[in-house]
Amino acid sequence: LAHRWVKGPNAYEPTYTKLPDQTYSACPEVALQAIKAKCTKLWVDPEVKEQPQITLRPSERQSLPRLTIEEVRMASRANPHHKATAYDGVHPRHISMLCDEGCEVFAILWEVCELMGCFPPQIDQAMAPLIPKKDGELRDLALYPGFIRVGMKARKSYARKWEADNDRAYFT
């Protein structure tokens, strides 16, 4: 139902960072360093001589275990077929149709996103179309890309465990 109110995606734009020598790089770490350099005046306390490291390099981070092919397929199939497809055109159930190698690539890409702590900008957005309610009012509906919907569903048990282990009054 919600897909009637969703417009198509913008044209694909590759992720890159322009370097001082007028060349370009697609390396996520280079992109992060460029953002850090651009925002340094906001992030740096001029009274502190040695600034703390604000991020860990991806090689220094620990991730959850890589998703298995079966976990990818189960998370994909757990999405009902009647749910909306987001602007990327990928319904979460489409991912379960990938061959084993495709599911393995999905798992590797998800692991990279977890290690980097971000998604590529091409999919790092949600649409919130306003759809009519029976009483005539409108409500928003968050539509995330299929890749994110499947990855988050696959990690649901880890999130629930973390919530249970870190229950705090200010989370409610």
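Residues numbered from 1 in each chain as written. Predicted model: local features only at pLDDT ≥ 70, side-chain atom pairs only at ≥ 80, totals over all residues. Heavy atoms only, no water.

Undergrad: When you look at the side chain of Glu111 in this model, what are you seeing that I'm missing?
TA: Within the secondary structure, Glu111 sits in helix α3 (residues 100–116). Among residues more than four places away in sequence, those in contact with Glu111 are Ser63 and Arg66. (Helix = DSSP H or I, 4+ residues; strand = E, 2+ residues; numbered from the N terminus. Contact = heavy atoms within 4.5 Å.)

Undergrad: Looking at this structure, I do not really get the nonpolar core. What am I missing?
TA: If you look at soluble globular proteins, the nonpolar side chains tend to sit buried side by side. Leu67, Val72, Phe106 and Phe147 are the most contacted members of the largest nonpolar core, which has 18 residues in total. Among the secondary structure elements, those contributing two or more residues to this core are α2 (69–77), α3 and α4 (146–154). Residue contributions to this core peak at 5 residues, all from α3. (Core = buried A, V, L, I, M, F, W, Y, C linked by side-chain atoms within 4.5 Å. Buried < 20%, exposed > 50% of the residue type's maximum accessible area, 1.4 Å probe, protein only.)

Undergrad: Would you mind showing me how to read the packing of α2 against α4 here?
TA: The geometry of a pair of packed helices is captured by two quantities: the angle between their axes and the separation between those axes. The contact between α2 and α4 brings their axes to 8 Å, and the two run at 110°. With respect to α4, the element α2 is oriented roughly perpendicular. In the packing of α2 onto α4, the handedness of the crossing is right-handed. In this structure, α2 contributes Glu71, Val72, Ala75 and Ser76 to the contact, and α4 contributes Val150, Lys153 and Ala154. Residue composition of the contact of α2 with α4, by class: 4 nonpolar, 1 polar and 2 charged. (Axes fitted to C-alpha atoms, helices over the stretch in contact; angles between N-to-C directions. Parallel < 35°, antiparallel > 145°, perpendicular 65-115°, else oblique. Left-handed = near helix turned anticlockwise from the far one by under 90°. Nonpolar A, V, L, I, M, F, W, Y, C, P; charged D, E, K, R; others polar.)

Undergrad: What is the right way to look at the state of the cysteines in this model?
TA: A covalent bond between the sulfur atoms of two cysteines is referred to as a disulfide. Scanning the model with the defined rule gives 0 disulfides in all. Cysteine Cys99 is unpaired, with the sulfur of Cys103 as its nearest cysteine sulfur at 7.2 Å. For Cys99, a relative accessible area of 46% translates into the label partly exposed. (Disulfide = S-S within 2.5 Å.)

Undergrad: I tried to follow the pattern of salt bridges on my own but got confused; where do I start?
TA: When their charged atoms lie close together, side chains carrying opposite charge are able to pair. Throughout the structure, instances matching the rule amount to 5 salt bridges. Asp100 is paired through a salt bridge with Arg73; the nearest N and O atoms lie 2.8 Å apart. A residue pair is termed long-range when its members are at least 10 positions apart, and Asp100 in helix α3 and Arg73 in helix α2 qualify at 27 residues. Here Asp100 falls in the partly exposed class, since its relative accessible area comes to 40%. The residue Glu114 makes a salt bridge to Arg155 at a minimum N-O spacing of 2.7 Å. Residue Glu114 is located in helix α3, and its partner Arg155 is located in the loop between α4 and α5 (156–165); the two are separated by 41 residues in the primary sequence. With a relative accessible area of 6%, Arg155 lands in the buried category. Connected through salt bridges with shared partners, the residues Arg66, Glu104 and Glu111 form a single ionic network. (Salt bridge = Lys/Arg side-chain N within 4 Å of Asp/Glu carboxyl O.)

Undergrad: Would you take a moment to explain α3 for this structure?
TA: Structural remark: α-helix, 3.6 residues per turn; residues separated by three or four positions point the same way. Along its 17 residues, α3 runs 24 Å from first to last C-alpha, staying within 8% of the 24 Å computed at 1.5 Å per residue. Turning to α3, its buried residues are Gly102, Cys103, Phe106, Ala107, Trp110, Glu111, Cys113 and Leu115. Tucked into the core, α3 has its buried residues touching α2 and α4. Gly117 occupies a position one or two residues after α3 and carries a positive phi of about 80°. (Expected span 1.5 Å × (residues − 1).)

Undergrad: In this structure, what is going on with the side chain of Ser25? I would like to understand it.
TA: Structurally, the position occupied by Ser25 is in strand β2 (residues 24–25). Ignoring any residue separated from it by four or fewer positions in sequence, one finds Ser25 in contact with Tyr16, Thr17, Leu19 and Val30.

Undergrad: Teacher, can you tell me more about α2 here?
TA: Among the residues making up α2, those that are buried are Val72, Arg73, Ala75 and Ser76. Summarising the axial view, the buried residues of α2 lie within an arc of 165°, below the 170-degree limit, and thus occupy one face. The inward-facing, buried residues of α2 contact α3 and α4. (Arc of directions from axis to C-beta.)

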